[in-house]
Amino acid sequence: MENNYIVNMTGIEKGFSGVPVLKKVDLKLRRGEILALMGENGAGKSTLVNVLMGVHQKNGGTIEIDGKVMDDYNIQIARKNGITIIPQELALVPAISVAENIMLGARSTSKSGAIDWKTMYDKAQEVIDDLEFDIDPRARLDSLPISYRQIVSIIKVVAENARVIIMDEPTSSLSREEVIRLQKIIFRLKERGVAIIYISHLMDEIFEVADTITILRDGMLIDSKRKEETNQREVISLMVGEGLLQTQETLRKEIEAEAGNINEKKTVLEVKGLKRKEGGPEISFVLKKGEVLGITGLVGAGKTELLRNLIGIDKFAEGKIFVKGQEAEIKSPKDAYKYRISTVPEDRKLQGLVLMRSVKDNIALAQPYRQSIAKLGIVNSKKEKQDAERSVEQLSIKIAGLGQRVGRLSGGNQQKCVISKALLTGPEILMLDEPTRGIDVGAKTTIYKLIRKLRDGGVGVILFSSDVAEIPIVCDRVIVLNNGEIVGELAGKETTVSRILNYTAGGMEHGNGKEERTQ
């Protein structure tokens, strides 16, 4: 039976700057097995797979590949043994074609040494057709939407004939149809004997694809179970503890109990007749003081586009925006700050952080905040440090110190830094775009509790999210978009996952989605 293990990691230890990150972790992977690696952000998942990839050198333990102990182990040896990764942050070259990205490590050349473009395009097209994706191999990568780039990353790894594929949040940018197609590819690879380590925070996906579920917490192996021997609740409990599950249930009960009080509150934001382009659908809604308004829909429904209109990044063709009853001229995010509107963007790494800078520098990065603690142009460094320390404590950000580079933090802790930066501007209206995408259950719950705390303090919050499961937990009211149009509105006990999904699928419930909108 031991010979069936393509990977056998035993007692793996790894630390950074004297801080232990992995504490005697075991991971065993058989040929043709799909192993889901689960845990909170900061649990050690990324570090463990980076040790397997040879990116990080272990401090202790053994790595066996095909039963052979690897004494000297690095990236080259990992790749030579067919171990590869599809990272969460795509490792592709934007300015070249799809085919060039797919064949990046194996470009076809002629006898003269020149690139054989026809052969390269033909080979890329062959792999694309085999996986049943509709992508032009000649298209420049940066001309494609992010979901298609994710697909290209997957195709690239398949083309390399890998024996072990690590998939880190592979569906974070995919639509449900694309997820289903990816799952078919995964099962096809499994039949070929390819082993897959699947890292995801989406429970439904895990239980759809995994054979084995391995759970890490605080750098330690908590348990490893066959899928049929466990359930979602047990897995979450092993990841974060029973207390966090009860917290989510409590949040939902509070929302239902207070549903009738929202309409009595003052309006802080009103959008009237907003049209993104001439002849397009019209969007109108209000946000109350101390309300959490969810805006949801499938990928491509227009959530992020609406946010960009609201904060002045993109112009809209028609309509007006009112803040506290006064018409607002918002032509840029800087203008939005003047109206006490702050935003947490969708892409934390590209739009929310400076990865080479420290935790403190990133938390204190927003210009309105820096101006508020400056005198004669000189920032009060003592105040800056105190506020950063308070933010770290408030959001339970796991760091080695304020001077730690933010790029070295887990995704969940990076997201908490982005949120902290927005909060230091003192917003009265806070807009969050997919704030829990790609982070674990524990980090999500921390953010949910923070949102409710801000709401109780009178902040109006708009949560743009495609995760319909989180909407009922945190939102007082939800607006559902479909192709840039409001197709439904739900509040209080009406806000259920099934009703939201009904609207997102086509905007129909009892004949017409708009009939049940709550005024």
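Residues numbered from 1 in each chain as written. Predicted model: local features only at pLDDT ≥ 70, side-chain atom pairs only at ≥ 80, totals over all residues. Heavy atoms only, no water.

Defined as follows: UniProt positions are given in the numbering used here, feature names are shortened, and annotations may be inferred rather than shown by experiment.
Per an unreviewed UniProt entry, the protein chain goes by Putative galactose/methyl galactoside ABC transporter, ATP-binding protein MglA and derives from Christensenella minuta. In its Subcellular location (unreviewed entry) section, the UniProt entry covering the protein chain states "Cell membrane".

## Quick look at the sheet that holds strand 3 (residues 34-38)
Here is the rule: A pair of strands is considered paired only if DSSP assigns at least 2 bridges between the two. Put simply, DSSP H or I for four residues or longer makes a helix, DSSP E for two residues or longer makes a strand, and each gets a number counted from the N terminus. What counts as an axis is a line fitted to C-alpha atoms, over the stretch in contact for a helix, and the angles between N-to-C directions run from 0 to 180 degrees. The contact criterion used is simple: two residues touch if any of their non-hydrogen atoms lie within 4.5 Å.
Strand order in the open sheet formed by six strands is 6-7-8-3-9-10, with mixed pairing between adjacent strands. Single-partner strands in this sheet number two, and they are strand 6 (83-86) and strand 10 (220-226). Strand-to-strand twist across the sheet, computed as the mean angle between neighbouring axes with direction ignored, equals 20°. Across six bridges, the pairing between strand 9 (residues 212-217) and strand 10 is antiparallel. Each residue of the ladder has a partner; that of I215, found in strand 10, is D223. Sheet contacts for helix 5 (residues 146-159): strand 6 and strand 7 (164-168); angle to strand 6, the most-contacted strand, approximately 170°.

## So, the environment of P333
Note that P333 resides in helix 11 (residues 333-338). Discounting chain neighbours no more than four positions away, the residues touching P333 are I311 and I313.

## Re the packing of helix 16 (residues 411-423) against helix 17 (residues 441-456)
The test is simple: Should an angle fall under 35 degrees it is taken as roughly parallel, and over 145 as roughly antiparallel, whereas 65 to 115 is taken as roughly perpendicular and any remaining angle as oblique. Two helices crossing with the near one rotated counterclockwise from the far one by less than a right angle form a left-handed crossing, whereas a clockwise rotation gives a right-handed crossing.
Contact geometry of helix 16 with helix 17 gives a least axis separation of 10 Å together with a crossing angle of 15°. With respect to their mutual orientation, helix 16 and helix 17 come out roughly parallel. The handedness of the crossing between helix 16 and helix 17 is left-handed. When helix 16 is examined against helix 17, the residues G412, Q415, K416, I419 and L423 are found in contact with a partner set consisting of A443, T446, I447, L450 and L454.

## Side note on the UniProt feature "coiled-coil region" (unreviewed entry) in the protein chain
As recorded in UniProt, the sites labelled "coiled-coil region" (unreviewed entry) are residues 378-405. This span, residues 378-405, is 50% helix and 7% strand, and a straight line between its end C-alpha atoms measures 23 Å.

## What about the pattern of salt bridges?
Rules: Within this document, salt bridges are pairs made up of a side-chain nitrogen of Lys or Arg and a carboxyl oxygen of Asp or Glu, the two lying within 4 Å of each other. Three exposure classes are used, based on accessible area relative to the maximum for each residue type with a 1.4 Å probe and protein chains only: buried under 20%, partly exposed in between, and exposed over 50%.
By the definition in use, this model includes 28 salt bridges. Between K225 and D223 there is a salt bridge, with its nearest N and O atoms 3.9 Å apart. Looking at D223, the relative accessible area reads 25%, which means it is partly exposed. A salt bridge links K360 to D361; its shortest N-O distance comes to 3.6 Å. Classification of K360 as partly exposed rests on a relative accessible area of 22%. Bridged by salt links that share partners, the residues R357, K360, D361, R370 and E384 form one connected network.

## Focus: the sheet that holds strand 5 (residues 68-69)
Sheet architecture is open: four strands sit in the order 2-1-4-5, paired in antiparallel fashion. The open sheet terminates on both sides in strands that have one partner only, identified here as strand 2 (19-30) and strand 5. With two bridges joining them, strand 4 (residues 60-65) and strand 5 adopt antiparallel strand pairing. Within strand 5, the position partnered with I65 by the bridge is K68. Most of the contacts of helix 1 (residues 45-53) go to strand 1 (residues 5-16), to which it runs at about 120°, and overall it touches strand 1, strand 2 and strand 4.

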